[in-house]
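One letter stands for each residue in the lines below.
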Amino acid sequence: MKQEKKEALAAFHRRTIQDAAEKLFLEKGVDATSIEEIAKDAGYSKATIYVYFKSKADIWDNTLLSAMKMLKEKVWGILDLELSTTEKYFALCQMNVEFSEEYPLFFEGLLGTVALEKSETNHQTYLVGEEILDAIGQIISQGIEEGIVRSNVQFPHITFYLWSCIGGIIRMTNNKEAYFSDSVGGSKRTFLQYAFATLLRSISV
């Protein structure tokens, strides 16, 4: 019982510190946020921060793990809906657009490299990402059963292809929004709809 209470208290302190850090990361960016600021916002001393996290990078890695878990819940929520493959696909795309707009820093961070051997946290982030790809694979399998997706697509490559393309399309569109308005014509939303539909056609029957 004593050990359980100790672990619960440690988890509480870690969560409090991470919540403060996430707020600062979103407001100022990771590089501009210091350990001192995190400690102040969390209500702890700098020394206490290092009891629960090795460094600011360690806090950021845990933040990305939390963001990945949040994304996983959203993806699996779409998978569980009674929708056609096409409806699930576009719901997946829209969810990613909304996630990128609500959490731009986390979205960018999750598109970065996950070093599998760097830490246990990085490895856990990788495993959660694998669960996301598994859910996407199930959506693709449903599409094959419905006769919408080509039956000769190659697993698991197709899941990574689809997921990376969706993220890449959103990332570039977010970074080039002014360009679409001035040079391409039409809104960001119009282009995203076109791009997502074109991507779906690339694997369709």
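Not measured: the values here are computed from a predicted model. (Residues numbered from 1 in each chain as written. Predicted model: local features only at pLDDT ≥ 70, side-chain atom pairs only at ≥ 80, totals over all residues. Heavy atoms only, no water.)

1. Some remarks on the packing of helix α5 (residues 85-102) against helix α10 (residues 188-201)
Axis angle and axis distance: for two packed helices, these are the angle between their axes and the distance between the axes, and together they describe the pair. So the rule is basically this: Axes, fitted as lines to C-alpha atoms, cover a helix only where it is in contact. Angles between the N-to-C directions of the axes lie from 0 to 180 degrees. Only runs of H or I of at least four residues qualify as helices and only runs of E of at least two qualify as strands under DSSP, and these elements are numbered from the N terminus. For classification, angles of less than 35 degrees are called roughly parallel, those exceeding 145 degrees roughly antiparallel, those between 65 and 115 degrees roughly perpendicular, and all remaining angles oblique. Left-handed is the label given to a crossing in which the near helix is rotated counterclockwise from the far helix by less than a right angle, and right-handed is the label when the rotation is clockwise. By definition, residues are in contact when any of their heavy atoms lie within 4.5 Å.
Between α5 and α10, the shortest axis-to-axis distance is 11 Å and the interhelical angle comes to 140°. Our classification of the angle between α5 and α10 gives oblique. Crossing of α5 over α10 shows right-handed handedness. On α10, the residues that touch Thr86, Tyr89, Phe90, Cys93, Gln94, Val97 and Glu101 of α5 are Lys188, Arg189, Leu192, Phe196, Ala197, Leu199 and Leu200.

2. A short note on the pattern of salt bridges
In plain terms, the rule: We define a salt bridge as a side-chain nitrogen of Lys or Arg found within 4 Å of a carboxyl oxygen belonging to Asp or Glu. Burial status follows relative accessibility: with a 1.4 Å probe on protein chains alone, a residue under 20% of its type maximum counts as buried, one over 50% as exposed, and anything between as partly exposed.
Under the definition given, this model contains eleven salt bridges. Across the pair Asp41 and Lys23 runs a salt bridge, and its minimum N-O distance is 3.9 Å. Of this pair, Asp41 sits in helix α2 (residues 35-42) while Lys23 sits in helix α1 (residues 2-28), placing them 18 residues apart in sequence. In this structure, the salt-bridge partner of Glu131 is Lys72, at a minimum N-O distance of 3.4 Å. Taken as a pair, Glu131 in helix α7 (residues 120-145) and Lys72 in helix α4 (residues 56-79) lie far apart in primary sequence, 59 residues in all. A relative accessible area of 16% means that Lys72 is categorised as buried. Linked through salt bridges whose partners overlap, the residues forming this network are Arg15, Asp19 and Glu22.

3. Some remarks on helix α8 (residues 157-175)
Basically, it comes down to this: By definition here, a helix of n residues has an expected span of 1.5 Å times n minus one. Taking the helix axis as origin, the arc is that swept by the directions to the C-beta atoms.
With 19 residues, α8 should reach 27 Å at 1.5 Å per residue; the first-to-last C-alpha distance of 27 Å fits that figure. Looking at α8, one finds that the buried residues are Ile158, Thr159, Leu162, Trp163, Ile166, Gly167, Ile169, Ile170 and Thr173. Along α8, the residues classed as buried sweep out an arc of 160° about the axis, all on the same side. Seen from the open side of α8, the exposed residues pointing more than 90 degrees away from its buried face are Phe160, Met172 and Asn175.

So, to be careful, I would describe these as geometric facts and stop short of saying anything about function.
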